[in-house]
Amino acid sequence: MNPRSIVILGGTGDQGLGLALRFARAGRPVVIGSRKLERAVEAAEKVREAVPGADVVGLENVDATPRGPIVIVSVPFEHTASTVKSIKSALAEGQIVVSMAVPLAAAIGDGAVRTVGIWQGSCAELVAALLPPGVEVVSAFQNVSAHRLQHLAESVDCDVVVSGGSEPRKLVMGLCSLVPGLRAVDGGPLSNARIVEQLTALMIGLNVRYKVREGTGIRFTGLPER
Ligand SMILES: NC(=O)c1ccc[n+]([C@@H]2O[C@H](COP(=O)([O-])OP(=O)(O)OC[C@H]3O[C@@H](n4cnc5c(N)ncnc54)[C@H](OP(=O)(O)O)[C@@H]3O)[C@@H](O)[C@H]2O)c1
């Protein structure tokens, strides 16, 4: 395992590819995971095209998982549990799984401007319930627009609320500084993911009403510099 590598399962999709581009641009090794090796390899090639010299590799999800200390799960909410179960045996104690999914009601055929309730409280807590002890879950990046992440020429004007256990939370907060414009906000315990995930549904509604194709962002004012 390369301690600098960042693993992105579903890095073939809009949000995962956006993060892969940004982390690669910042000089970090990136491992893109997919259910299909060819799709992962293709996505890695896209990153290399956009970021010449990028250290990026595409692998099947289960092979990608052990390659870095932080594993971002970037698949739609409705496929999150099955994805997490499929890589569970490849995870080792001390690794951090980042939950980014939003339980949009689109998952059950309803709209993307509403969410569905989850017994555990949030998608992040559902992920935590599925993982073995020793693997930490951190919630982050739910309020960042994929479009803006992929548009490398511009900075991403958005705060990222990061929630989870204190040490893993700090490590994931550190990833935000790799992306120009992103600011990590200490979101406290994982249960606060309940609030953060809901915000995305509101933001999708704002995107529609204000016709912001590139996606809105959030900013908290009045916070002191850290
Ligand atoms: N898009 C945004 O602007 C945005 C913003 C904030 C948060 N998010 C969150 O980020 C996550 C990814 O969003 P996205 O827009 O990138 O999603 P997406 O493009 O629809 O899908 C991402 C990846 O999920 C995998 N996937 C699709 N169907 C699957 C299935 N049946 N089982 C397992 N994996 C499947 C696919 O990877 P393979 O086929 O390669 O396996 C796909 O490339 C979501 O949870 C979303 O809520 C998105």
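Before reading further, recall that the structure is shown in the block above.
These notes cover the structure that comes with them.

With that settled, consider the packing of helix H1 (residues 14–25) against helix H2 (residues 37–50). The N-to-C vectors of H1 and H2 enclose an angle of 45°; their axes lie 10 Å apart at closest approach. Judged by the inter-axis angle, H1 sits oblique to H2. With respect to the hand of their crossing, H1 and H2 are arranged in right-handed fashion. In this structure, H1 contributes Leu17, Ala20, Leu21 and Ala24 to the contact, and H2 contributes Ala43, Lys46, Val47 and Ala50. Looking at side-chain class alone, the contact of H1 with H2 contains seven nonpolar, no polar and one charged residues.

Take the site of the ligand next. Around the ligand, 21 residues are found, and the nearest of them are Thr12, Gln15, Ser34, Arg35 and Val75. Between the ligand and the protein, one listed contact pairs an oxygen atom with a side-chain N or O atom of Thr12 at 2.6 Å. The side chain of Ser34 places a nitrogen or oxygen atom 2.5 Å from an oxygen atom of the ligand. Look at the ligand: alone it shows 890 Å² of surface, and the protein chains cover 76% of it. Of the residues contributing to the shell around the ligand, the split by class is nine nonpolar, nine polar and three charged.

Let us look at H1. The end-to-end C-alpha separation of H1 is 17 Å, in line with the 16 Å expected for 12 residues at 1.5 Å each. Most of H1 is tucked away, with 10 of its 12 residues classed as buried. Of the residues making up H1, those classed as buried are Gln15, Gly16, Leu17, Gly18, Leu19, Ala20, Leu21, Arg22, Phe23 and Ala24. The elements touched by buried residues of H1 are strand S1 (6–9), strand S2 (30–34), H2, strand S4 (70–73), helix H6 (146–150) and helix H7 (166–176). Of the residues trailing H1, Gly27 is marked for its positive phi of about 90°.

Core analysis: the biggest nonpolar cluster contains 44 residues, and Phe23, Val47, Ile72, Phe141, Val172 and Leu182 have the highest contact counts within it. Broken down by element, this core gets its largest block of residues, six residues, from H1. When residues no more than four places from it in sequence are discounted, the contact partners of Val172 are Ile70, Ile96, Val98, Val138, Ala140, Phe141 and Val162. Judged by nonpolar contacts, the second largest core, of 25 residues, contains Ala64, Val75, Leu126 and Val135.

Turning to the packing of aromatic side chains, a few remarks are in order. Enumeration according to the criterion identifies one aromatic pair in this entry. Judged by centre distance (6.4 Å) and plane angle (65°), the ring pair of Phe23 and Phe141 falls under edge-to-face. Of this pair, Phe23 sits in helix H1 while Phe141 is found in the loop between strand S6 (136–139) and H6, placing the two residues 118 residues apart along the sequence.

Definitions and limits used
- Residues numbered from 1 in each chain as written.
- Predicted model: local features only at pLDDT ≥ 70, side-chain atom pairs only at ≥ 80, totals over all residues.
- Heavy atoms only, no water.
- Axes fitted to C-alpha atoms, helices over the stretch in contact; angles between N-to-C directions.
- Helix = DSSP H or I, 4+ residues; strand = E, 2+ residues; numbered from the N terminus.
- Parallel < 35°, antiparallel > 145°, perpendicular 65-115°, else oblique.
- Left-handed = near helix turned anticlockwise from the far one by under 90°.
- Contact = heavy atoms within 4.5 Å.
- Nonpolar A, V, L, I, M, F, W, Y, C, P; charged D, E, K, R; others polar.
- Near = heavy atom within 4 Å.
- Polar contact = N/O pair within 3.5 Å; in protein donor to acceptor, adjacent residues only side chain to side chain.
- Areas by Shrake-Rupley, 256 points an atom, 1.4 Å probe, with all protein chains shown as cover.
- Expected span 1.5 Å × (residues − 1).
- Buried < 20%, exposed > 50% of the residue type's maximum accessible area, 1.4 Å probe, protein only.
- Core = buried A, V, L, I, M, F, W, Y, C linked by side-chain atoms within 4.5 Å.
- Phe/Tyr/Trp six-rings, centres within 6.5 Å; stacked < 30°, edge-to-face > 60°.

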